[in-house]
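Summary of structural features
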Amino acid sequence: MISKLIVAYDGSKQSEKAYKLALDMASKYSAPMIVLSVARPPEPPVAVELTAVLDRATEYFEGHFKCLKEQAQAMGIDANFLVRVGHPAEQIVLLANKEKADAIVMGHRGESLMERWLLGSVAKRVLSYAHCTVIVAR
Amino acid sequence: MTEMWLLATLWLGLALIATLLSIWFGIATALSEIVVGTVAQLVIGALVGAAVLGANDPWIKFLSGTGAIILTFLAGAELDPVVFREKWKEAVGIGLASFFAPFLGCAAVAYYFLDWSPQASWLAGVALSTTSVAVVYAVMLEFGLNTSVYGKTVLAACFITDLGTVLALGLIFAPFTMRTVIFAGVSVVVFALLPYLTPRFFKRYGGRPSELEAKYLLLCLFGMGFLAAWADSEAVLPAYLIGMVLAGTVGKDHMLIRRLRTLTFGLLTPFYFIRAGAFVSVPALIAAPGIFLILLAAKIATKLAAVYPVTRFFKSHKTEAMYTTLLMSTGLTFGSISALFGLSQGIIDTSQYSYLVATVVASAVIPTLIANAFYLPRHLLGRAPEVEIKTADVTKADGPLLSAKESLPESTTSPNRQ
């Protein structure tokens, strides 16, 4: 039984798939869902550039959220949309813990070796620390 | 003119490479521009000649200097006046401790251990005293502490620390003459009038395609920059203060700030940071890496000594306190501005400049890497007792059954990468 879902969304095709999957699950279980997007600051964050990155990310995600919200409303699903700042995996798990979600749905996105080395695999981190079911859409 | 266009092409080419590197590696553009500047100078210097990059050409110096001024202004304008007014009393203590400990500590290390001249030692202290407001702000956002008393206090303290740095930079190396008095007097009047005049002026004449706002702000910044330079001070000092006094008015005009950012990131700061990198002497760093390591150790140790007890005083969790402290050890923008000021004023030589910039870069990167590797706030998350992987028995929109388990090892999502 799933009573609450978290969907990680980054605007990629994979996260669109994850979102569709989550809509389907939310509809089946009549569960509310939270759509989370995470803005990651550059390393290290530098004055002015950080604010520019955060402004840009918030605007980007909020633009996408309008369309996603319409899809959820059309299916009669209760969906909330959030933009957080930080490491994606940690923000996803933190929110799942805080909201006592039963499942996290996320898209698979092939990262380069360099990205994995620098940022770590987001899915691996989510799997290590999440207290709930994790579903990765491919 | 032909040579100038060629040089501009070369610099913008380097800026583009730096930007691509920053996107690929997820690092700050300023950092990649400094590194690209250093490597370009090394490679071009070895292949063609050190003068080819033209880092001392007047027009490159102008663009670079303007970049530093506007960047500093924008950094000052990021101050949240409400938070600052609310927490300035508590913040002054932390901010001054965070400034004075590395300032005095690093200056002492440079003077007694590295045998630098008194002026060069003071400059080392100034360059290594900075704290990156951006880093701390990002950490606070990650923790969700930006609205807490602790978060607000530490953020306000960072502005005090940076104010200490720019004041020290602007005043320590300037001879105290009648010019200093005139500069100080005019500054007081201008800083008092600007918050009153600017919004009214913008309301009356602003919001037109002629970009009156940008011209007005540049006039103020250049005018006060001239006065500072005339008094043998540093132009970023008034720029930062103008940013701070206008934070509550101009700082809230998002469209104007965005247009200034476009100008700054698109044209000016690449010249500033690539130029800052171009003066770094890699042979000097290789010849005496110990100096760089001593300065880095001094910077981190003094910042730790000053900031860690404060974070613990605010009853911050040990790991979180260490994380915050490590990240408070960085300061790329003001550190590089201070070092370049020292080099251009003849206070330090190329080798000393190289050690300082390398320390500033390392102190921006190494604590971040350590903090991310060992001090991420995992205590907030707690390790899952047992990783539960369910094979979702659902059909993908465009394919067969989804097996989460099969896809997990290499699966990932990165909601921030656009």
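Notes on the structure in this doc start here. Fair warning: this is a prediction, and the values are worked out from it, not measured in the lab.

1. Description of the overall build of chain B
When you go through chain B residue by residue, the secondary structure sums to 18 helices and zero strands. Sequence separation of 24 or more characterises 78% of the internal contacts of chain B that already satisfy a separation of 6 or more. As displayed, chain B offers around 18000 Å² of accessible surface, 69% of which is attributable to carbon and sulfur atoms.

2. Digging into the pattern of salt bridges
If the charged atoms of two oppositely charged side chains come close together, the side chains can form a pair. Residues and elements named next belong to chain B. As enumerated under the stated definition, the model contains six salt bridges over all chains in all. Glutamate 211 is paired through a salt bridge with arginine 259; the nearest N and O atoms lie 2.7 Å apart. Taken together, the residues span a long stretch of sequence, with glutamate 211 in the loop between helix H8 (178-205) and helix H9 (212-230) and arginine 259 in helix H11 (residues 254-278) at a distance of 48 residues. The exposure class assigned to glutamate 211 is partly exposed, which follows from its relative accessible area of 27%. The network of salt bridges with shared partners includes Glu211, Glu213 and Arg259.

3. Topic: unusual backbone geometry
In this model, lysine 100 of chain A sits at a positive phi of 50°, which is unusual for a non-glycine residue. Examined against the element boundaries, lysine 100 of chain A turns out to sit in the loop between helix H3 (88-99) and strand S4 (103-107). For lysine 100 of chain A, a relative accessible area of 67% translates into the label exposed. Of note, aspartate 232 of chain B is a non-glycine position whose phi angle comes to about 60°, a positive value. Relative to the assigned elements, aspartate 232 of chain B resides in the loop between H9 and helix H10 (236-245).

4. Focus: the environment of glycine 95 of chain B
Relative to the helices and strands, glycine 95 of chain B is located in helix H4 (residues 81-113). Glycine 95 of chain B sits 116 residues away from glutamate 211 of chain B along the chain, and the two C-alpha atoms are 36 Å apart.

5. Considering the side chain of serine 233 of chain B
All names here are of chain B. Locating serine 233 in the fold gives a position in the loop between H9 and H10. Overall, the relative accessible area of 7% leaves serine 233 in the buried class. When residues no more than four places from it in sequence are discounted, the contact partners of serine 233 are Gly170, Leu171, Ala174, Phe183, Ala228 and Phe341.

6. Looking at empty space enclosed by the protein
Taken as a whole and judged by the stated rule, the model has two cavities of 30 Å³ or more. Quantified by volume, the largest cavity comes out at close to 160 Å³. In this structure, the largest cavity is lined by 21 residues; those nearest its centre are Ala47 of chain A together with Ser132, Val133, Ala134 and Asp162 of chain B. Counting only elements with at least two residues in the lining of the largest cavity, the list comes to helix H6 (133-143), helix H7 (149-171) and helix H15 (332-344) of chain B.

7. As for the packing of aromatic side chains
Residue and element names in this part refer to chain B. Inspection of every chain in the model, using the stated rule, returns 20 aromatic pairs over all chains. Taking the centre distance of 4.9 Å and the plane angle of 65° together, the rings of phenylalanine 99 and phenylalanine 100 count as edge-to-face. Using a relative accessible area of 40% as the deciding quantity, one classes phenylalanine 100 as partly exposed. With a centroid separation of 6.3 Å and an interplanar angle of 80°, the aromatic rings of phenylalanine 279 and tyrosine 353 are classed as edge-to-face. In this pair, phenylalanine 279 sits in the loop between H11 and helix H12 (282-287) while tyrosine 353 sits in helix H16 (residues 350-374), placing the two residues 74 residues apart along the sequence.

So, how was this worked out
- Residues numbered from 1 in each chain as written.
- Chains lettered and ligands numbered in written order.
- Predicted model: local features only at pLDDT ≥ 70, side-chain atom pairs only at ≥ 80, totals over all residues.
- Heavy atoms only, no water.
- Helix = DSSP H or I, 4+ residues; strand = E, 2+ residues; numbered from the N terminus.
- Contact = heavy atoms within 4.5 Å.
- Areas by Shrake-Rupley, 256 points an atom, 1.4 Å probe, with all protein chains shown as cover.
- Salt bridge = Lys/Arg side-chain N within 4 Å of Asp/Glu carboxyl O.
- Buried < 20%, exposed > 50% of the residue type's maximum accessible area, 1.4 Å probe, protein only.
- 1 Å grid on protein atoms, 1.4 Å probe; cavity = no way out; pocket = protein on both sides within 12 Å on 5 of 7 lines; lining within 4 Å.
- Points joined across faces, edges and corners; volume = space filled by probe spheres on them.
- Phe/Tyr/Trp six-rings, centres within 6.5 Å; stacked < 30°, edge-to-face > 60°.

In short, the description is geometric, and any link to function would need to be established separately.
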